[in-house]
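# What the coordinates show
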Amino acid sequence: MVSFIDMLSSKDRMSLSKVLVIVLVSFFLGFFGQRLFKSNTDNSGWHPVYKTDTDGTVLYGSTEELIKFLRKGYDLRLAWGWKQKDKSIEHLADPIWIAIINEKEVIVHLDPQVLSRIDWEEQSANYIDSTLFEYEWRVVISTTGSFDAVWYNRVTNKVHRRLPQQHPTTWMIDFPKKGRDTESKPIFSTE
């Protein structure tokens, strides 16, 4: 019995071989190509752009780059925390107020909070201590590494406690999917 392949001339066999190779390569590229060749061209979302250690030493990024993104109107989020023996805590917060000082440093204020107690054994938080309701925690954080926290008594209108401190801090920017690339001029500029 003669097969279909045997009936073809050597020239036709070569052409058929080429077509089969092209079909197979196309199939594999289509099927596996997304995994093999896909690169993340969408850099949208939250990305760290500036980070300091406990002493305020810059670990990566620059205030110039951070300021450039803030001037473009991108959202900012801060992360900080601490670790001591078997206890650690990480905080994330979106500032309610941002200032660029002398076009070199950034300071932010966080939303005032009535702080809860942390139950380290249960790894939960609570408001069992109702005396905490009188106090509001306020903080200002700077790219220089300063972190100044106060507990403000809302009944007496006085500062109850002030605790200047340092924390490793990460400044993150939320990059839009498709953003306009605008110049980085002072926001108040009329140019």
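Position labels on residues start from 1 in each chain and follow its written sequence. For a predicted model such as this one, the threshold for reporting local features is a pLDDT of at least 70, and the threshold for listing and counting side-chain atom pairs is 80 or more; totals across whole chains, interfaces and linings nevertheless cover every residue. In computing side-chain properties, one takes all heavy atoms of the structure into account and sets aside hydrogens as well as water.

## Points about helix α3 (residues 63–71)
- The classification of residues rests on relative accessible area computed with a 1.4 Å probe and restricted to protein chains. Under 20% of the type maximum is buried, over 50% is exposed, and intermediate values are partly exposed. Elements are defined by DSSP. Helices are runs of H or I of four residues or more, strands are runs of E of two residues or more, and each kind is numbered from the N terminus. Listed in full, the buried residues belonging to α3 are Thr63, Leu66, Ile67, Phe69, Leu70 and Arg71.
- Every residue pair with non-hydrogen atoms within 4.5 Å of one another is taken to be in contact. Residues of α3 that are buried in the fold lie against β1 (45–52), β3 (75–84), β5 (97–101), β6 (105–109) and β12 (169–175).
- Looking one or two residues past α3, Gly73 carries a phi angle of roughly 90°, positive in sign.

## Quick look at the pattern of salt bridges
- In what follows, salt bridge is the name for a side-chain nitrogen of Lys or Arg lying within 4 Å of a carboxyl oxygen of Asp or Glu. Evaluated as defined, the whole model comprises five salt bridges.
- A salt bridge links Glu103 to Arg71; the nearest nitrogen and oxygen atoms lie 3.6 Å apart. Of this pair, Glu103 sits in the loop between β5 and β6 while Arg71 sits in helix α3; the two residues are 32 residues apart in sequence, bridging distant segments of the chain.
- What makes Glu103 partly exposed here is its relative accessible area of 47%.

## Concerning the nonpolar core
- With 23 residues, the main nonpolar core has Leu66, Leu76, Trp80, Trp137, Ile141, Trp171 and Ile173 as its most contacted residues.
- Going through the elements one at a time, β1, α3, β3, β6, β9 (135–142), β10 (147–153) and β12 are the ones with two or more residues in this core.
- With four residues, α3 is the largest single contributor of residues to this core.
- Once residues lying within four places of it in the same chain are set aside, the contact partners of Ile173 are Gly45, Trp46, His47, Val49, Leu66, Phe69, Leu70, Tyr74, Asp75 and Leu76. We define the nonpolar core as a collection of buried residues of types Ala, Val, Leu, Ile, Met, Phe, Trp, Tyr and Cys that are connected through side-chain atoms lying within 4.5 Å of one another.

## Let's talk about the sheet that holds β6
- Two strands qualify as a pair provided that DSSP identifies no fewer than 2 bridges between them. Taken together, five strands build an open sheet; the order of strands is β5-β6-β9-β10-β11 and the sheet is antiparallel. Each end of this open sheet is capped by a strand with a single partner; those strands are β5 and β11 (158–165). For this sheet the average axis-to-axis angle between neighbouring strands, irrespective of direction, equals 15°.
- Sheet topology note: the β5/β6 ladder contains five bridges and is antiparallel. Within β6, the residue paired with Ala99 across the bridge is Ile107. Helix axes are fitted only over the stretch in contact, all axes being lines through C-alpha atoms; the angle between N-to-C directions runs from 0 to 180 degrees.

## Details of the pairing of β10
- Counting buried residues in β10 gives six out of seven residues, a clear majority hidden from the surface.
- Inspection of the sheet shows β9 paired to β10 by seven bridges, in the antiparallel sense. Across the sheet, Glu136 pairs through a bridge with Tyr152, a residue of β10.
- Looking at chain direction, β10 and β11 are connected through seven bridges and run antiparallel. Within β11, the position partnered with Tyr152 by the bridge is Val159.
- Where β10 hands over to β11, the hairpin turn is made up of four residues, of which Asn157 adopts a positive phi near 60°.

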